[in-house]
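Summary of structural features
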Amino acid sequence: MGDGRAGGANRPAWLQQYELIGKIGEGTYGLVFLARLKPSHPAPGRRGPPIAIKKFKQSKEGDGVSPTAIREIMLLREINHENVVKLVNVHINHADMSLYLAFDYAEHDLYEIIRHHREKLNSSINHYTVKSLLWQLLNGLNYLHSNWIIHRDLKPSNILVMGEGEEHGIIKIADFGLARIYQAPLKPLSDNGVVVTIWYRAPELLLGGKHYTSAVDMWAVGCIFAELLTLKPLFQGVEAKNNPNPFQLDQLDKIFKVLGHPTVEKWPTLANLPWWQNDQQHIQGHKYENPGLHNIVHLPPKSPAFDLLSKMLEYIILLSSLYDPRKRITAAQALEHEYFRMDPLPGRNALLPSQPGEKVVQYPVRPVDTTTDFEGTTSLQPTQPPSGNAPPGGQAVARSMPRQMPQQPMVGMQRVAAGANIAAFNAQAGMAGLNPGNIPMQRGAGGQSHPHQLRRKADQGMGMQNPGYPQQKRRF
Amino acid sequence: MAANFWTSSHCKQLLDPEDVDVVPAADRERGITPEEFRLVKIHMSSHIWRLAQQVKVRQRVIATAVTYFRRVYTRKSMSEYDPRLVAPTCLYLASKVEESTVQARLLVFYIKKMCGSDDKYRFEIKDILEMEMKLLEALDYYLVVFHPYRPLLQLLQDAGITDLTQFAWGLVNDTYKMDLILIYPPYMIALACIYIASVLKDKDITSWFEELRVDMNIVKNISMEILDFYDTYKIDPQRGIPEDKISPVMNKLPAKA
């Protein structure tokens with residue numbers, strides 16, 4: 001990299017302040033890189049802070065800067081909170097009309113932390129960590145909500161956790177590409193033509209509710225809380241994709257099965273929700289009587305943790321009477337909940353061991369594809385041996401391969417020959433449904449597809465063996 | 001913070017009056033006087049306005065666009081940033097920020113329709129998209145703008161003079177022909193418009209103003225500026241500044257390459 005091959009002549013000056021390490025993610029919007037800010041006074045052994053750089057491609061022909069990038073810029077330029085990702089800079093490369101957002105780098109995220117416990121450690125996350133993560137998530141969210149910002153896309157992969165250093169174990173809410181200021185009523189997401197994961201979507205939206213409120217974020221927090229406890233997504237519905245804004249029957253069914261079927265008596269505004277009203281899918285049919293949430297999350301029904309969780313997963317969001325306690329809890333109220341006042345108390349570093357002397361969990365670092373430059377072009381030079389940041393196996397190489405193939409077949413071929421690796425094999429095997437040992441797929445592998453595409457592949461290919469852990473799109 | 005004016009980038013960026021109407025060096029060299037500089041800004045604000053009527057966006061979007069436009073020229077020269085291109089691009093960017101995106105090709109279409117005869121106003125989609133990026137940079141990526149409209153409605157309600165809403169709203173619209181939004185907190189501009197409206201419509205709300213505990217000197221100063229503006233520029237809102245007055249000034253600016 002750094003050979004200046006692509007766009008070299010027009011390389012913008014701002015690029016000089018970074019030392020590129022490699023690519024750490026890819027999505028529909030563009031690429032994410034890991035870089036280090038060069039120290040202003042270079043000295044041997046001195047390294048600048050790590051920065052995640054999100055590169056936005058020009059979206060479609062004639063659309064200019066993507067609305068996603070605009071939302072992130074306009075919101076993150078205004079806000080400042082310990083539990084919200086920090087936008088440190090914005091850069092533009094006028095030559096190819098690309099836009100770069102530079103963030104403080106976070107080594108971990110909840111998606112990977114949960115996965116590490118589920119697939120590698122086979123043990124749950126300790127109570128102190130769960131509580132600290134949840135408290136910080138609520139703390140950041142309370143800040144956003146009190147500033148009239150709804151995130152609208154909270155899910156484990158968007159909740160970053162800082163790696164070792166000054167801010168170790170601190171949560172950063174990230175990815176504000178769908179976030180909105182909600183002084184005026186908000187239109188449904190489908191009006192923006194965007195697709196978001198349905199597993200964390202609130203029932204009022206699944207039932208066709210037209211307006212977003214901050215309560216949708218609290219529903220997602222409830223889902224994430226349960227997932228931190230059980231290491232499994234709470235409501236893993238299969239997404240319907242038959243038309244632009246399909247009715248997500250399976251997702252609602254998953255929710256009703258666990259929380260009990262809602263009734264108009266319990267949830268008066270239910271009758272106004274479009275999908276409930278027209279009831280073509282017979283969702284009004286009273287099927288599930290006994291809520292079984294406490295069995296799923298293995299919490300005693302009388303425990304404060306369960307009380308908090310069930311208040312986050314409350315159907316009702318509007319007060320039927322001023323003192324009706326049955327209403328989804330707000331972030332501000334949740335922070336005051338008894339759960340956070342009992343031992344273990346939540347802490348600033350969520351990743352500390354809960355007891356002195358207890359072993360510290362070493363979470364894996366993000367895989368870095370060190371062969372890609374800022375243009376997303378793979379270097380022709382032999383790859384350096386993986387640095388401290390690189391993943392074992394260099395699976396990220398395999399990920400970038402298919403796209404490179406048509407343009408630069410030689411590069412791709414060399415790579416396969418030289419760097420043939422287990423991860424690439426797994427990825428392909430997994431996709432094709434030939435993963436008999438159910439080897440967990442490496443994060444890097446196949447990461448360039450959209451999460452939904454991947455989930456579909458996983459559903460078809462791996463069927464029962466792996467009921468739908470999507471290889472989520474890497475954010476950063 | 002996004003919904004709290006006092007901690008917003010808008011608040012932090014407010015300028016002193018003397019820093020707003022400074023003609024950039026490059027424009028001074030082309031013989032643009034402070035008066036002409038002001039005239040171009042008025043002219044282009046109404047250009048944005050008329051374009052916005054065509055593409056049908058909310059008042060808020062227009063107000064944000066004009067604010068961007070005026071902010072740009074506290075930092076950049078008109079010689080370098082052609083106002084004829086900056087204006088529609090501000091509308092383009094504002095429409096995205098205010099979540100009511102207007103497509104660039106639609107803007108290009110209506111610009112052609114509006115200024116068909118004048119080649120200097122005609123731009124291609126590519127020009128707008130390139131300028132969008134330069135604008136983001138020139139605005140230092142601060143995009144959230146507060147406006148007097150919301151406080152205006154709240155204050156009128158509070159003062160119990162909602163019958164003046166339409167009149168006061170029109171006054172607020174006209175404040176965007178000036179640089180007030182770069183200088184004063186939006187609620188102070190709203191108060192000045194209410195003050196003017198109450199005086200002109202003979203509503204005595206002196207006691208209400210006293211209870212507000214705001215600096216009435218500032219409110220009155222803003223009001224005087226607005227009234228002075230009406231005296232100086234008797235602008236036809238439909239057509240903006242007359243052609244014979246603005247053309248010579250625009251001709252001092254370099255035409256597009």
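Residues numbered from 1 in each chain as written. Chains lettered and ligands numbered in written order. Predicted model: local features only at pLDDT ≥ 70, side-chain atom pairs only at ≥ 80, totals over all residues. Heavy atoms only, no water.

**Here's the deal with the overall build of chain B**
Each helix and strand counted, chain B has 15 helices and 0 strands in total. Put simply, chain B has 257 residues, and 54% of those count as buried. When contacts within chain B are restricted to residue pairs at least 6 apart in sequence, long-range pairs at least 24 apart make up 77% of them. For chain B, the accessible surface area stands at approximately 11,400 Å², while carbon and sulfur atoms represent 50% of it. (Helix = DSSP H or I, 4+ residues; strand = E, 2+ residues; numbered from the N terminus. Buried < 20%, exposed > 50% of the residue type's maximum accessible area, 1.4 Å probe, protein only. Contact = heavy atoms within 4.5 Å. Areas by Shrake-Rupley, 256 points an atom, 1.4 Å probe, with all protein chains shown as cover.)

**A short note on the overall build of chain A**
When helices and strands are counted, chain A shows 14 helices and 10 strands. In chain A, which comprises 476 residues, the proportion classed as buried is 56%. Across chain A, contacts joining residues at least 24 apart in sequence account for 70% of those joining residues at least 6 apart. For chain A, the computed accessible surface area is about 20,700 Å², with 55% contributed by carbon and sulfur atoms.

**What about the nonpolar core?**
A:Leu99, A:Leu138, A:Phe176, A:Phe225, A:Met312, B:Leu91 and B:Leu143 are the most contacted members of the largest nonpolar core, which has 206 residues in total. Considering every element that reaches this core, the biggest residue donor is helix H5 (residues 215–230) of chain A, with 11 residues. Setting aside residues no more than four positions away along its own chain, A:Phe225 makes contact with A:Val130, A:Leu134, A:Ala305, A:Leu308, A:Leu309, A:Met312 and A:Tyr339. One finds A:Trp14, A:Leu20, A:Leu31 and A:Tyr100 within the second-largest nonpolar core, a separate group that totals 12 residues. (Core = buried A, V, L, I, M, F, W, Y, C linked by side-chain atoms within 4.5 Å.)

**As for the sheet that holds strand S3 (residues 50–56) of chain A**
Residues and elements named next belong to chain A. The strand order across the open sheet built from 5 strands is S1-S2-S3-S5-S4, with neighbouring strands paired in antiparallel fashion. At either margin of the open sheet sits one strand with a lone partner, and together these are strand S1 (18–26) and strand S4 (87–93). Put simply, the sheet's adjacent strands are angled 25 degrees from each other on average, direction ignored. Across 7 bridges, strand S2 (residues 30–37) lies against S3 in antiparallel orientation. Residue pairing in the sheet places Gly-30 in a bridge with Phe-56 of S3. (Pairing = 2+ DSSP bridges. Axes fitted to C-alpha atoms, helices over the stretch in contact; angles between N-to-C directions.)

**Points about helix H15 (residues 243–251) of chain B**
Residue and element names in this part refer to chain B. Within H15, burial applies to Ile-246, Val-249 and Met-250. What you see down the axis of H15 is that its buried residues fit within an arc of 100 degrees, all on one side. Pointing more than 90 degrees away from the buried face of H15 are the exposed residues Asp-244 and Asn-251. Buried positions along H15 lie against helix H4 (34–55) and helix H6 (83–97). (Arc of directions from axis to C-beta.)

**Some thoughts on the pattern of salt bridges**
Residues and elements named next belong to chain A. This structure, assessed with the given rule, holds 30 salt bridges over all chains. Asp-96 is paired through a salt bridge with Lys-55; the nearest N and O atoms lie 3.9 Å apart. Of this pair, Asp-96 sits in the loop between S4 and strand S5 (98–104) while Lys-55 is found in strand S3, placing the two residues 41 residues apart along the sequence. Looking at Asp-96, the relative accessible area reads 36%, which means it is partly exposed. Among the residues examined, Lys-55 registers a relative accessible area of 6% and is labelled buried. A salt bridge links Asp-109 to Arg-366, with the shortest nitrogen-to-oxygen separation between them at 3.0 Å. Of the two residues, Asp-109 sits in strand S6 (residues 108–109) while Arg-366 sits in the loop between helix H10 (331–335) and helix H11 (395–407), which places them 257 residues apart along the sequence. Accessibility expressed as a relative area gives 0% for Asp-109, which makes it buried. (Salt bridge = Lys/Arg side-chain N within 4 Å of Asp/Glu carboxyl O.)

**Here's the deal with the confidence of the model for chain A**
Across chain A, the average pLDDT comes to 76, with 70% of residues at 70 or higher. Here residues 380–476 of chain A scores under 50 on pLDDT; set against residues more than four positions off or in separate chains, the count is 168 contacts. (pLDDT = per-residue confidence, 0-100.)

**Notes on H5(A)**
Residues and elements named next belong to chain A. The first and last C-alpha atoms of H5 sit 23 Å apart over 16 residues, in line with the 22 Å expected at 1.5 Å per residue. Extensive coverage of H5 is indicated by the burial of 15 of its 16 residues. Directly beyond the C-terminal end of H5, a positive phi value near 70 degrees is found at Leu-231. (Expected span 1.5 Å × (residues − 1).)

**Points about the interface of chain B and chain A**
It is common to give the size of an interface as the accessible area lost on bringing the parts into contact. In this complex, chain B contributes 26 residues to the contact, which on the side of chain A involves 28 residues. A buried area of about 2,500 Å², summed over both sides, lies between chain B and chain A, and 60% of it is on carbon and sulfur atoms. The interface formed by chain B and chain A includes 3 salt bridges. B:Glu99 is the salt-bridge partner of A:Arg71, the closest N and O atoms lying 2.6 Å from each other. Scanning the region where chain B abuts chain A turns up 10 residue pairs in polar contact (both at pLDDT 80 or more). Broken down by element, the residue count for the side of chain B that touches chain A peaks at 8 residues, all from helix H8 (residues 125–138) of chain B. Classifying every residue of the side of chain B that touches chain A by side-chain character gives 15 nonpolar, 3 polar and 8 charged. (Buried area = accessible area lost by both parts, 1.4 Å probe. Polar contact = N/O pair within 3.5 Å; in protein donor to acceptor, adjacent residues only side chain to side chain. Nonpolar A, V, L, I, M, F, W, Y, C, P; charged D, E, K, R; others polar.)

**Focus: the packing of helix H5 (residues 59–72) of chain B against H6(B)**
Two measures define how a pair of helices packs: the angle their axes make with one another and the distance between the axes. Residues and elements named next belong to chain B. Look at H5 against H6: their axes get within 8 Å of each other, and the N-to-C directions meet at 135 degrees. What the angle tells us is that H5 and H6 run oblique. When the axes of H5 and H6 are compared, the crossing they make is right-handed. Only Pro-83, Val-86, Ala-87, Cys-90, Leu-91, Leu-93, Ala-94, Ser-95 and Val-97 of H6 make contact with H5, whose side of the interface consists of Val-61, Thr-64, Ala-65, Tyr-68, Phe-69 and Val-72. (Parallel < 35°, antiparallel > 145°, perpendicular 65-115°, else oblique. Left-handed = near helix turned anticlockwise from the far one by under 90°.)

**Looking at the packing of aromatic side chains**
Enumeration according to the criterion identifies 19 aromatic pairs over all chains in this entry. With 5.0 Å between their ring centres and 65 degrees between their planes, B:Phe69 and B:Tyr73 make a pair best called edge-to-face. B:Phe69 sits in the buried class, given a relative accessible area of 0%. One Lys or Arg, A:Lys131, reaches over the ring of A:Tyr339 and ends 4.6 Å from the middle of that ring. (Phe/Tyr/Trp six-rings, centres within 6.5 Å; stacked < 30°, edge-to-face > 60°. Lys NZ or Arg CZ within 6 Å of the ring centre and 35° of its normal.)

**Overview of unusual backbone geometry**
All names here are of chain A. Look at the link from Asp-343 to Pro-344: it is a cis peptide, with omega at -10 degrees. Looking at where Pro-344 falls in the secondary structure, it is placed in the loop between H10 and H11. Even without being glycine, Arg-152 reaches a positive phi, approximately 75 degrees. Mapped onto the elements, Arg-152 comes out in the loop between strand S7 (149–150) and strand S8 (159–161).

**Focus on the side chain of B:Lys41**
Residues and elements named next belong to chain B. Secondary-structure assignment places Lys-41 in helix H4. Judged by relative accessible area, which is 1%, Lys-41 ranks as buried. Ignoring sequence-local partners within four residues, the contact set of Lys-41 consists of Val-20, Asp-21, Phe-69, Arg-70, Met-78 and Asp-179.

**Considerations on the sheet that holds S6(A)**
All names here are of chain A. Pairing in this open sheet of 3 strands is antiparallel, and the strands run S6-S8-S9 from one edge to the other. Whereas interior strands pair on both sides, the edge strands pair on one side only; in this sheet they are S6 and strand S9 (171–173). Relative to S8, S6 runs antiparallel, the two sharing 2 bridges. Across the sheet, the residue bridging to Asp-109 is Leu-160, located in S8.

**A word on the side chain of A:Arg328**
Residue and element names in this part refer to chain A. Here Arg-328 is to be found in the loop between helix H9 (304–312) and H10. Among the polar contacts listed, one links the side chain of Arg-328 to the side chain of Glu-204, at a separation of 2.8 Å. Within the local environment of Arg-328, its side chain forms a polar contact with the backbone oxygen of Ala-215, the two atoms lying 2.9 Å apart.

**Focus: the packing of helix H9 (residues 149–159) of chain B against helix H12 (residues 186–200) of chain B**
Residues and elements named next belong to chain B. Two elements in contact, H9 and H12, have axes whose closest approach is 8 Å; the angle formed by their N-to-C orientations is 50 degrees. Classified by the angle between their axes, H9 and H12 sit oblique to one another. Like other packed secondary-structure pairs, H9 and H12 cross with a definite hand, here right-handed. Within the contact between the two elements, H9 uses Pro-151, Leu-152, Leu-155 and Leu-156 and H12 uses Tyr-187, Ala-190, Leu-191 and Ile-194. Each residue belonging to the contact of H9 with H12 can be placed in one class, and the counts come to 8 nonpolar, no polar and no charged.

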